[in-house]
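Next come the chains, spelled out residue by residue.
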Amino acid sequence: MFLSRLIEPVKQTAQRAGEALWSIYQSGDYQHEQKPDASPVTSADLAANSLILHALAEFSPDIPVVSEEMHLLPLKQRQDWPRYWLIDPMDGTQEFVARSGDFAVSIALVEHGWPVLGVIYWPKEHTWYYASRGHGAFKQQGSLIKRIQVRQHQTGQPLRIAVSRRQPLAPIQHLLNEQVQPEFVALGSCSLKSCLVAEGGADCYLRLGPTGEWDTAAVQIIVEEAGGKILDSQFMPLSYNQRETLANPDFMVLGRAEQPWQSLIRAHSATRTLT
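The paragraphs below set out a description of the structure included in this document. (Residues numbered from 1 in each chain as written. Predicted model: local features only at pLDDT ≥ 70, side-chain atom pairs only at ≥ 80, totals over all residues. Heavy atoms only, no water.)

**Concerning the sheet that holds strand β13 (residues 229-232)**
Right, on to step 1. In spatial order, the strands read β11-β10-β12-β14-β13; together these five strands make up an open sheet with mixed pairing. Across the chains shown, the open sheet's two edge strands, defined by having one partner strand only, are β11 (182-187) and β13. Between one strand axis and the next, the sheet turns through 25° on average, direction left out of account.
Right, on to step 2. Here strand β12 (residues 204-207) runs beside strand β14 (residues 251-254); their pairing, made up of four bridges, is antiparallel. Bridging from a neighbouring strand, R207 pairs with F251 of β14.
Right, on to step 3. Of the strands in this sheet, β10 (159-164), β11, β12 and β14 touch helix α6 (residues 190-198), which is tilted by about 150° from β12.
Right, on to step 4. In the packing of helix α7 (residues 213-225) onto the sheet, contacts are made with β13 and β14, and the angle to β13 comes to roughly 130°. (Pairing = 2+ DSSP bridges. Helix = DSSP H or I, 4+ residues; strand = E, 2+ residues; numbered from the N terminus. Axes fitted to C-alpha atoms, helices over the stretch in contact; angles between N-to-C directions. Contact = heavy atoms within 4.5 Å.)

**Some words on the packing of aromatic side chains**
Right, on to step 1. Within this structure, the stated rule accounts for twelve aromatic pairs.
Right, on to step 2. Look at F59 and W85: their rings are 6.3 Å apart centre to centre, the planes differ by 85°, and that puts the pair in the edge-to-face class. A residue pair is termed long-range when its members are at least 10 positions apart, and F59 in helix α2 (residues 43-59) and W85 in strand β4 (residues 83-91) qualify at 26 residues.
Right, on to step 3. Given a relative accessible area of 27%, F59 falls into the partly exposed group. (Phe/Tyr/Trp six-rings, centres within 6.5 Å; stacked < 30°, edge-to-face > 60°. Buried < 20%, exposed > 50% of the residue type's maximum accessible area, 1.4 Å probe, protein only.)

**Quick look at the packing of α6 against α7**
Think of two packed helices as two axes; the pair is described by the angle between the axes and how far apart they sit.
Right, on to step 1. The contact between α6 and α7 brings their axes to 10 Å, and the two run at 10°. Comparing the axis directions of α6 and α7 gives the class roughly parallel. Contacts between α6 and α7 involve C190, S191, S194, C195 and A198 from the first element and D215, V219, I222 and V223 from the second.
Right, on to step 2. Counted by class, the contact of α6 with α7 contains six nonpolar, two polar and one charged residues. (Parallel < 35°, antiparallel > 145°, perpendicular 65-115°, else oblique. Nonpolar A, V, L, I, M, F, W, Y, C, P; charged D, E, K, R; others polar.)

**Some details on the side chain of D88**
Right, on to step 1. Counting through the fold element by element, D88 comes out in strand β4.
Right, on to step 2. Discounting chain neighbours no more than four positions away, the residues touching D88 are E68, A104, V105, S106, W214 and D215.

**Remarks on helix α1 (residues 2-27)**
An α-helix turns once every 3.6 residues. As a result, residues three or four positions apart point the same way.
Right, on to step 1. When the terminal C-alpha atoms of α1 are compared, their 38 Å separation across 26 residues agrees well with the 38 Å that a helix rising 1.5 Å per residue should span.
Right, on to step 2. E8 marks the point of greatest bend in α1, at about 25°, and the proline P9 comes within the next four residues.
Right, on to step 3. Looking at the residues trailing α1, positive phi occurs at G28, about 75°. (Expected span 1.5 Å × (residues − 1). Bend = angle between axes of the 7 residues up to and from the residue.)

**Let's talk about the pattern of salt bridges**
Right, on to step 1. Within the structure shown, the criterion is met by ten salt bridges.
Right, on to step 2. A salt bridge links R165 to E95; the nearest nitrogen and oxygen atoms lie 3.8 Å apart. Of this pair, R165 sits in the loop between β10 and α5 (170-174) while E95 is found in helix α4 (residues 93-98), placing the two residues 70 residues apart along the sequence.
Right, on to step 3. The exposure class assigned to R165 is partly exposed, which follows from its relative accessible area of 43%.
Right, on to step 4. Its salt-bridge partner being R165, residue D102 comes within 2.5 Å of it at the nearest N-O pair. Of this pair, D102 sits in the loop between α4 and β5 (104-111) while R165 sits in the loop between β10 and α5; the two residues are 63 residues apart in sequence, bridging distant segments of the chain.
Right, on to step 5. Judged by relative accessible area, which is 1%, D102 ranks as buried.
Right, on to step 6. Through salt bridges with shared partners, one network takes in E95, D102, K124 and R165. (Salt bridge = Lys/Arg side-chain N within 4 Å of Asp/Glu carboxyl O.)

**Quick notes on the state of the cysteines**
Right, on to step 1. Following the criterion strictly, the structure yields zero disulfides and no others.
Right, on to step 2. Of the cysteine sulfurs around C190, a residue in no disulfide, the closest is that of C195, at 9.5 Å. (Disulfide = S-S within 2.5 Å.)

**With respect to the sheet that holds strand β6 (residues 114-122)**
Right, on to step 1. Read across the sheet, seven strands follow the order β3-β4-β5-β6-β7-β8-β9 without closing on themselves; strand pairing throughout is mixed. Edge positions in the sheet fall to β3 (65-67) and β9 (144-147), since each of these pairs with one other strand and no more. Geometrically, the sheet is characterised by an average inter-axis angle of 20° between neighbouring strands, direction not taken into account.
Right, on to step 2. In this structure, strand β7 (residues 127-132) lies alongside strand β8 (residues 137-141), joined through five bridges in antiparallel fashion. Along β8, the bridge assignment pairs Y130 with F138.
Right, on to step 3. Strands β3, β4 and β5 of the sheet are contacted by α2, whose axis makes an angle of about 150° with β4.

Below you can see the structure in the form of structure tokens.
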């Protein structure tokens with residue numbers, strides 16, 4: 001009951017933040033700079049962050065928040081939290097700046113080190129993806145809601161891989177076993193590519209390069225409830241709130257969990273690089 005009561009207020013919060021982002025996006029009136037880790041941030045990210053923080057404080061004042069756009073507390077101050085919000089006010093800032101429209105709001109609830117609720121809102125398409133533990137994954141466009149499921153990749157068919165429009169394909173192809181025939185589907189932000197896998201529009205998404213735990217938390221529960229999984233580049237589970245840094249390793253968003261993915265994709269090691 002606790003999780004089911006939270007879904008609607010979180011969806012409403014994500015929508016309001018998304019609408020604020022879209023309004024700024026359409027006006028073109030925003031400031032753009034680089035953070036110390038060289039990733040982009042805009043005044044739109046900060047405006048959405050402020051809106052989300054205010055809303056969460058209203059309907060869940062006792063739950064702490066970790067955000068990409070907030071100073072991160074030392075691990076000793078957060079490691080015993082039973083639950084916390086983990087948010088990315090705008091996943092896809094590069095897409096916002098590049099004017100593709102493929103950016104989204106990401107809000108997750110993490111309990112005892114694992115995401116249990118996640119909401120993604122894509123303002124360009126007025127679309128939500130959401131899930132909570134044990135209740136399935138859903139896509140909503142306007143008032144139309146449907147349950148989503150990953151698809152089963154069939155032997156001999158091309159492997160449909162979600163990729164960024166700005167991502168070189170050679171490193172991805174290098175990770176595929178020789179018999180795999182890839183078919184690439186270009187989309188924007190990390191969360192939207194992950195949701196494409198969750199709804200069966202792609203078989204997998206292989207992410208190389210720096211990301212944070214806020215990039216995977218909401219989609220982790222959405223993908224899992226849709227029948228898939230997210231693993232690191234060595235086919236091991238991700239983890240949350242266990243280190244001083246919130247950097248993720250390279251990771252893979254995979255469709256049907258029972259699929260023999262290691263016969264299709266090569267494992268590789270990658271260190272956490274986000275500061």
